[in-house]
Each structure stands twice: as C-alpha cells, then as structure tokens.
Number of protein chains: 2
Amino acid sequence: MLLLGLLGNLVLRLQGQKLQRMMIRSELDSSSETVVVDDDERYWLSWRLAVETNNNVRPWKTVPIRCYKHVENYMTGGQYEHDLNMIVDEIVFYASQIHPTQQDAWILDVDDTCISNIPYYKAKRYGCDPFDSPVFKEWITKGMCPANPVILRLFKTLIEKGFKVFLLTGRYQETLAKITMDNLHKQGFIGYERLILRSLKYKGQSAVKYKSSIRKEIEEEGYRICGNVGDQWTDLQGECLGKRTFKIPNPMYCIS
Amino acid sequence: MLLLGLLGNLVLRLQGQKLQRMMIRSELDSSSETVVVDDDERYWLSWRLAVETNNNVRPWKTVPIRCYKHVENYMTGGQYEHDLNMIVDEIVFYASQIHPTQQDAWILDVDDTCISNIPYYKAKRYGCDPFDSPVFKEWITKGMCPANPVILRLFKTLIEKGFKVFLLTGRYQETLAKITMDNLHKQGFIGYERLILRSLKYKGQSAVKYKSSIRKEIEEEGYRICGNVGDQWTDLQGECLGKRTFKIPNPMYCIS
C-alpha cells in the first residue's frame, strides 16, 4: 500500500501534480490503463449519476462543496460538451427517422438548454454557492447568454428537417420577453415556431404544472410533440411529455 | 507484476505515446489538480450517463467494446458500489420518513438489484459480448448469485421498519421458482412478503407490461407502493409505479 502510494505519488509528481490519490489499476492486459481517483472524485461521480438519473435524489439546493473542482472540471474541461454531443447525436438519429409534417413539433427548454448561464454559475462556484436571485436577474437581463453550441446544432438540424420548434421557458413574459427573444436571435436561434414565456396566468405555478399546461395547449392546437429536450427533470415530467424526452446534463442546479 | 505495470505505465506516459491522452487542468489555485482522461474514458463517461439517464439512448445490445476496461474498472474498482451506496442512502432517508402500516409496500427487482450476475458478466467482458442465453441459464440455475450487499442493507432496513417487501422478477416461475427462492434465502433475503416470478400467463410479454400488471394486482389487493427499486428502466416505467422510483446503476446490459 505504501509502495503503491509512493509510486502513485511519483507518477503524479512527474506530471507536476498533487498527492493523496488512489491508484486503481485494471489488470486486463499489459498495456493497462491507470485511472486515478480520489475520494472527492468518487463522491462527485456518484453524486452526478444520482442527480442526473431521474429522481433518486431529493431536490437539492447547492452542489456539495467537495464537488467544486470536479464540477468545474466537468463544465469547462470538455466532458460536459462530450456528454451533450452524445445525447444530441442520439436525438438527431431519432429525428432522422421521422418525416415531419406541419404538425410535428419539438419542445426545447431555453436556460441551460439552448442558451447557457455558465458565466453566472462560474461566479457562484458552479452551483456550490446558493442561488442568488438578484445577481441572476441582472445576468439574464444583459441578454448575453451564449448559445449552447451542441444544442444550437440540434436546433438547426430540427429546423432544417422541417419540424416546428417551440422554445418553452419559465422566464417571465412580462419582464423578459424581449431580452430573451433578442438573446436567442443573436445567438443563432432563428426560425423557431414560437417562444413561450411564463405569462401572469402561470405565475407561481410549479415548473412541472406550468410546462405541462403549455404542452397540452400545443397539442390541443393540433401539434404532435415528437421530442422534448431539457436540462431539468421538471421539463420532462408531468403531462403531454411528447413521444420521447431527452434529459441533457446539468449538475449545477436543480429546479423543483 | 503490479510494480512493473505501474512503471511501464509511467514510462509510456512520459513518452507521451499513450492513447492520445488529454490533460485537463483546473485553474483553481496554484496546487491545481490534473485529471487525466483519455478519449475512451470520455466516451465511457458520456455513454454511461446517457444509458443511465432515462431513455436518452435507444435499447442497446452490448456495451461498446472501447468501454471494456472502463466498465470493468467501474464494476470492480469500487465506483459501482459507491454509486449504489449513495442511492441507497437516499432511499433509506426517504423510507425513514414513512411510518408504515400493513399496507405499505416496496417493490424490489431481483437480478442485479437484490442478487448479482456479475460473475456471469465478468466472463462476457462485462456486457461487451452479446448476451448468451444458454450460458446465462446455466449460471442462474446454479443458484449461486451473490447478494448485492448494498441492496441487502436496504432490504433489511425496509423489513425492519415494517414494510411489506415484494420481490418482482422476470424469471420464469415454471423453471426457476425454487432455485431463485433458495438463492435469495441463502444470500440473506429473508422476511419478504412475496417473491413474484413470471407465470405462463405473462410469457413473452414485455417487461414493462408484465411488471405493470403485477404492480396493479398488488395495488388492487390494497397495498400502497411506497417505492420501487430496479436496475432497469423497464422496472420503473409503465403503470402503478409507486410513489417514488429509484434507478440503480447497471451499465452491463439493457432489457427492452
């Protein structure tokens, strides 16, 4: 164990890195891989799986602080984008099998689906700090949310194929309609059927209830919801969910 | 052997010849961490998230071969157990808030929930090789499936608290009833309300349909299903799902 630790240390030092790690070796063959995992990484991996996998974990307020470095690495180091690309490839494959008519619709969520709040969350230690409503409002009021490039690719593919794309957000219509529309337009989200924001009628309603009501209205207009994409489970629960739902990752916050 | 392996690994790393590794640096502080990720690990992490997160990925037959080392590491290196423990802690917390009456029931799946088929899957490269029905049958007929210790902990907690625990499996009653009952008993699953296997009536039915019908029957008997735990999405989809469902990980196979 000591020897293993020393060697692990050596490997890491030669890479100019830090200690206190465990070496886990796969004994499969002579060119075996070494996966370096520390306790916090184990915790982070379990935590992320639990929060992304349905409702295993009760609504959570903040990311556990011991996950800070890992959530940052995840969001900025490429894995988040890689995860998104794999899911979007799957969605595009599914969509490619449909020959859409005028009635075939998709629902995409807006925040942290189409456009990203990572710049806000970066300053909040990627969700380790509590949600800061005034600062968040200030941030989205700037209309500077960058496109999520992977979802923009999906969006463009859906539009090109002839689907009617509905963007459905919990943002309030009264205050944020123009800002949101302009932000989306600037970021390349052009050609969608409708952007639906939360009108006063739905004020204070849970996300599941509000979004279910809107999807029901869309279906009552005669649309078939082929797919429904969101970063929150509340986008994908309730009624009139569509033929398939797709959860994209978001380990930074949870809307209950 | 281990030493040689580690040194070999180190040399290979210093030569920079290994699998086009990417270095991801977090820029948090001067003693920053480095997480070493290769393309296959990235792929594995994305793949696992996609298959565990609802139905993002269409039913899959085998684990992609490039995930072999990672799925083995995952199943045998501690992360699988760590993930299970986090979910079971959550389930136990939820169960602790209920004061069960005679009607309060839980549904637990059997294969790779209560008892484990890892010994079979090990020989099938943890799911990278196709499902081998005769060999699998031979394996379960031995009645040697080891307990999943984390789920055994959950099981005992539920029994102790006074819940009625139903074990619900797609295994055929005709051929596997006694073997399964004995296997469970030997592994410590004692005190459950009922073990329900697939009778001829449900032969050939999809897992979702079969399990939904059984849960409906249980509810019609007057039970309330407080929770429903399984390693397959098909355990947790359909009707009469129970008040909460809990997906435990299984990256080795997918029942559609």
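Numbering of residues starts from 1 in every chain and runs along the sequence as written. Following the order in which they are written, the chains are lettered starting with A and the ligands numbered starting with 1. Local features in a predicted model are, by the rule used here, given only for residues with pLDDT of at least 70; side-chain atom pairs are given and counted only at 80 or more, and totals for whole chains, interfaces and linings are based on all residues. Excluded from the side-chain calculation are hydrogens and water; included are all heavy atoms of the structure.

Caption draft 1: Focus on the overall build of chain A. A count of helical and extended segments in chain A gives nine helices and seven strands. Here's how the labels work: a residue is buried when its accessible area is under 20% of the maximum for its type, exposed when over 50%, partly exposed in between, all with a 1.4 Å probe on protein chains only. Looking at chain A as a whole, 55% of its 256 residues qualify as buried. Two residues form a contact once any of their heavy atoms are found within 4.5 Å. Once local pairs closer than 6 in sequence are excluded, the contacts in chain A between residues at least 24 apart make up 67%. Accessible surface computed for chain A: about 11400 Å², of which carbon and sulfur atoms make up 55%. Note on conventions: DSSP H or I runs of at least 4 residues are helices, E runs of at least 2 residues are strands, and numbering of each starts at the N terminus. All accessible-area figures derive from a Shrake-Rupley calculation using a 1.4 Å probe, and residue coverage is judged against the displayed protein chains alone.

Caption draft 2: Spatial organisation of the packing of helix α2 (residues 39-52) of chain A against helix α4 (residues 79-96) of chain B. One way to put it is that α2(A) packs onto α4(B) with a least axis distance of 9 Å and a crossing angle of 55°. By the angle class used here, α2(A) and α4(B) are oblique. The way α2(A) lies across α4(B) gives a crossing that is right-handed. Contacts between α2(A) and α4(B) involve Arg42(A), Tyr43(A), Leu45(A), Ser46(A), Trp47(A), Leu49(A) and Ala50(A) from the former and Gln79(B), His82(B), Asp83(B), Met86(B) and Ile87(B) from the latter. The class makeup of the residues in the contact of α2(A) with α4(B) is seven nonpolar, three polar and two charged. Lines fitted to C-alpha atoms define the axes here, with helix axes fitted over just the stretch in contact, and angles between the N-to-C directions of these axes take values from 0 to 180 degrees. An angle below 35 degrees is treated as roughly parallel, one above 145 as roughly antiparallel, one from 65 to 115 as roughly perpendicular, and anything else as oblique. With the far helix as reference, a near helix turned anticlockwise by less than a right angle produces a left-handed crossing, and one turned clockwise produces a right-handed crossing. Gly counts as polar in this scheme, as do all residues outside two lists: the nonpolar Ala, Val, Leu, Ile, Met, Phe, Trp, Tyr, Cys and Pro, and the charged Asp, Glu, Lys and Arg.

Caption draft 3: Expanded view of the sheet that holds strand β5 (residues 194-198) of chain B. Residues and elements named next belong to chain B. A pair of strands is treated as paired once DSSP finds two or more bridges between them. Reading across the sheet, the five strands line up as β5-β4-β3-β6-β7 and stay open at both edges, with parallel pairing between neighbours. This sheet does not close on itself; its edge strands, each paired only once, are β5 and β7 (244-247). Sheet twist, expressed as the mean angle between neighbouring strand axes with direction ignored, is 20°. The sheet contact formed by strand β6 (residues 224-230) and β7 spans four bridges and is parallel. The partner of Gly 230 across the bridge, within β7, is Lys 247. Against the sheet, helix α8 (residues 173-186) touches β4 (164-172) and β5, its axis set at about 135° to β4.

Caption draft 4: Seen up close, the nonpolar core. Here the nonpolar core consists of buried residues drawn from Ala, Val, Leu, Ile, Met, Phe, Trp, Tyr and Cys, with membership extended through side-chain atoms lying within 4.5 Å. Trp106(A), Leu108(A), Leu167(A), Trp106(B), Leu108(B) and Leu167(B) are the most contacted members of the largest nonpolar core, which has 118 residues in total. Residues within four places of Leu167(B) in sequence aside, it is in contact with Leu108(B), Val110(B), Cys114(B), Phe155(B), Leu184(B), Tyr192(B), Arg194(B), Leu195(B) and Ile196(B).

Caption draft 5: Summary view of the sheet that holds strand β3 (residues 104-109) of chain A. Residues and elements named next belong to chain A. Overall, parallel pairing links the five strands, which are arranged β5-β4-β3-β6-β7 in an open sheet. Looking at which strands have only one partner, the edges of the open sheet turn out to be β5 (194-198) and β7 (244-247). Pairwise comparison of adjacent strand axes, ignoring direction, gives a mean angle of 20° for this sheet. Judged from the four bridges that link them, strand β4 (residues 164-172) and β5 form a sheet pairing that is parallel. Along β5, the bridge assignment pairs Tyr 172 with Arg 198. Strands β4 and β5 of the sheet are contacted by helix α8 (residues 173-186), whose axis makes an angle of about 135° with β4. On top of the sheet, helix α9 (residues 207-220) reaches β3, β4, β5 and β6 (224-230); it is set at about 150° to β4, its chief contact.

Caption draft 6: Highlighting the side chain of Asp104(A). Residues and elements named next belong to chain A. Along the chain, Asp 104 turns up in strand β3. A 3.5 Å cut-off defines polar contacts: any pair of N or O atoms within that distance qualifies, except that in protein one atom must be a possible hydrogen donor and the other a possible acceptor, and neighbouring residues in sequence count only when both atoms are side-chain atoms. At 2.9 Å, the side chain of Asp 104 and the backbone nitrogen of Thr 101 are in polar contact. Setting aside anything within four residues of it in sequence, one finds Asp 104 in contact with Ile 98, His 99, Phe 163, Lys 164, Arg 224 and Cys 226.

Caption draft 7: Quick peek at helix α3 (residues 68-76) of chain B. Within the span of α3(B), buried status applies to His70(B), Val71(B), Glu72(B), Asn73(B), Tyr74(B) and Met75(B). Once α3(B) finishes, Gly78(B) follows within two positions and takes phi at roughly 115°, a positive value.

Caption draft 8: Representation of the pattern of salt bridges within the structure. Residue and element names in this part refer to chain A. The term salt bridge refers to a side-chain nitrogen of Lys or Arg lying within 4 Å of a carboxyl oxygen of Asp or Glu. Under the defined criterion, the tally for this structure stands at 29 salt bridges over all chains. The salt bridge involving Lys 216 is made with Glu 220; its shortest N-O contact spans 3.8 Å. Of this pair, Lys 216 and Glu 220 both sit in helix α9, four residues apart, roughly one helical turn. Accessibility expressed as a relative area gives 41% for Lys 216, which makes it partly exposed. In this structure Glu 220 comes out as exposed when scored by relative accessible area, which is 60%.

Caption draft 9: Structural context of unusual backbone geometry. For Arg125(A), which is not a glycine, the phi torsion comes out positive at approximately 45°. Mapped onto the elements, Arg125(A) comes out in the loop between α5 (118-123) and α6 (133-141). Judged by its relative accessible area of 33%, Arg125(A) falls in the partly exposed class. Unusually for a residue other than glycine, Asp112(B) sits at a positive phi of about 60°. Among the structural elements, Asp112(B) can be located in the loop between β3 (104-109) and α5 (118-123).

Caption draft 10: Representation of the packing of helix α4 (residues 79-96) of chain A against helix α7 (residues 149-161) of chain A within the structure. Residue and element names in this part refer to chain A. At a minimum axis separation of 9 Å, α4 and α7 run at an interaxial angle of 10°. Compared by their axis directions, α4 and α7 come out roughly parallel. Counting all contacts with α4, which are made through Glu 81, Leu 84, Asn 85, Val 88, Asp 89, Ile 91, Val 92, Ala 95 and Ser 96, the residues of α7 involved are Val 150, Ile 151, Arg 153, Leu 154, Thr 157, Leu 158 and Lys 161. The class makeup of the residues in the contact of α4 with α7 is nine nonpolar, three polar and four charged.

Any functional reading would require information that these geometric values do not contain.
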